[in-house]
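Listed here are the chains, written in short residue letters.
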Amino acid sequence: MAPLRIPNRTARQLWLTAQGLARTPTGALDVLGEIQRLGFVQLDTIQVVARAHHHILWSRNQNYREPMLGQLLADDRSIFEHFTHDASVIPMEFLPMWERQFRRKRAELDRAGWYKNLPDTDARARIKDRIRAEGPLSTHAFDSQIEGPKAMWTRPPHKLALDYMWYVGELATSHRVNFTKYYDLSERVFPQDLRASRMSDEDQIDWLCHAALDRIGFGSAGDIQRFWAASSAVELRAWLARSQESLQLVEIETAQGEWVTAYAPLDIEDRLSALRPVTSRLRILNPFDPVIRDRNRLSRLFGFDYRVEMFKPAAQRIWGYYVFPILEGQRFVGRIEVKADRRASQLQVMAFWPEPGIDWPATRHEKLAAELERMRRFTGVESTVWLT
C-alpha cells in the first residue's frame, strides 16, 4: 500500500494542532494539562521579555501567569525538572519512564572530560549530608572556589557536584526562588510509588518513542529521537524495527514542494479528519518554543529559516540578540526584537522585520499591536514604546 500523502498546508495544520498553537489561546486554563500535552517545557534563564518556559505556556493560554509553574513544582509536586535536549519541566507521572535517563546521564558524565574537577564520592556525600540535615539548599549555601583560570562555563566544585547529582537523579529540584534552583534529596521530591515503579529499558524506550510521535503528529526517525533526547540512534532504529505494526508510513510535502517519508501514529487519518482551521490570531513566539526549537523541521514545514543569535558576537548577528518569530495562522510573517524594560516599565520594540514576500497591511499591523498589548499586560509593564 502506498504511504498516505499529506500536503504541506495540512502538515502545518497537524503540527500546530499537536503543539497547541492551532486554537485561540484563551479559555479555561490547565497548566499541568498543557505540559502533559507538550511532553515537557524547556527552561531558560534569559529574561528579555519573559523566561522561555513562561512565554511558551502563555503562548498557548494567555491567562497563564508566572507563579503558576512554581506551584506545580514546589507545592503540588506534579512536575519535576530534568534534562531532555536541555533543562526542562516534565510531568511527574512520567518519572517511571525517565529512570533510564538518569542512568544515561551518569554514564555520559562519568566519561565527560569537562567534569574532570568533579568532587569525589566522599565530598559529594558530605554535600548530600548537609542537604539531608538542613533541607533544600542552593549553590549559594556552599563556598568552594574555582582553582586556576576562569572560563565562560567554569563552575566551582560544589556546583559541579550539585549538578552531577541532579543529572543522575540523586538530587532533584525542590523549588526555585527568583529562578535560583534549590536542591533536595530525590527521595524527598519524587513520590515513593513512582520511584518504586520499575519498567524495562525496552518498555521505557517504547513509551518515549510512541509518546514523542503522538506529540509531533508525524516525523522522521531523527524527529522522534530528538524530541526527548533520551534514546540513542541505535535504540531508535531498534524501536522502529519492532514497532512497524503500530506505525503508519506517510509522505509529507515540504514548504519547498518536495515529498519526504515520515512515520505517523496509526490513527493519523482520524487526526486528519478531526482537524479544524487554525486560528488567524497573530502570536509572538519564544525562540525556544517547541515549534521553533527544531530548526530543520521548521524550515521543512514552513520555509522559515531561524537561528538564535544571543550567543554570537554582536557583529556576527544577522537579526539581533533575542528575536521573536511572529506566527499568524499557519505561517510565519515576520520577526520582532522586543525587550521588557521593567525599570522604565516599558515594553520596548527594538526592531521589526516582515518576512520577504509577506505584505503587512494595516490589519496585520493592528494584530501585531494587539499582541504586543497582551504581552505588555503579561509582563506587567505600563506602556509599549517603538524605538525603531
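Before reading on, note that the structure itself is shown above.
Model, not experiment: these values are computed from the prediction.

Concerning the side chain of Asp-163
Inference 1: Its location among the elements puts Asp-163 in helix 7 (residues 157-167).
Inference 2: For Asp-163, a relative accessible area of 16% translates into the label buried.
Inference 3: With residues up to four places along the chain from it excluded, the contact list for Asp-163 reads Tyr-115 and Tyr-183.

Let's talk about unusual backbone geometry
Inference 1: Of note in the backbone geometry, Asn-178 takes a positive phi value of approximately 50 degrees without being a glycine.
Inference 2: On the secondary structure map, Asn-178 appears in the loop between strand 5 (171-177) and strand 6 (180-185).
Inference 3: Its identity as a non-glycine residue notwithstanding, Ala-229 has a phi of 55 degrees, on the positive side.
Inference 4: For Ala-229, the location among the structural elements is in the loop between helix 11 (221-228) and helix 12 (233-242).
Inference 5: Since its relative accessible area comes to 26%, Ala-229 is described here as partly exposed.

Side note on the sheet that holds strand 10 (residues 323-328)
Inference 1: Spatial strand order, 9-10-11-12-13: five strands in an open sheet with mixed pairing. Sheet topology places strand 9 (282-284) and strand 13 (383-386) at the edges, where each strand pairs with a single neighbour. Across this sheet, the average inter-strand angle for adjacent strands is 30 degrees, counted without regard to direction.
Inference 2: Of the strand pairs in this sheet, strand 12 (residues 346-354) and strand 13 are connected by four bridges, and their pairing is parallel. Its bridge partner lying in strand 13, Gln-348 is registered against Val-385.

So, how was this worked out
Residues numbered from 1 in each chain as written. Predicted model: local features only at pLDDT ≥ 70, side-chain atom pairs only at ≥ 80, totals over all residues. Heavy atoms only, no water. Helix = DSSP H or I, 4+ residues; strand = E, 2+ residues; numbered from the N terminus. Buried < 20%, exposed > 50% of the residue type's maximum accessible area, 1.4 Å probe, protein only. Contact = heavy atoms within 4.5 Å. Pairing = 2+ DSSP bridges. Axes fitted to C-alpha atoms, helices over the stretch in contact; angles between N-to-C directions.

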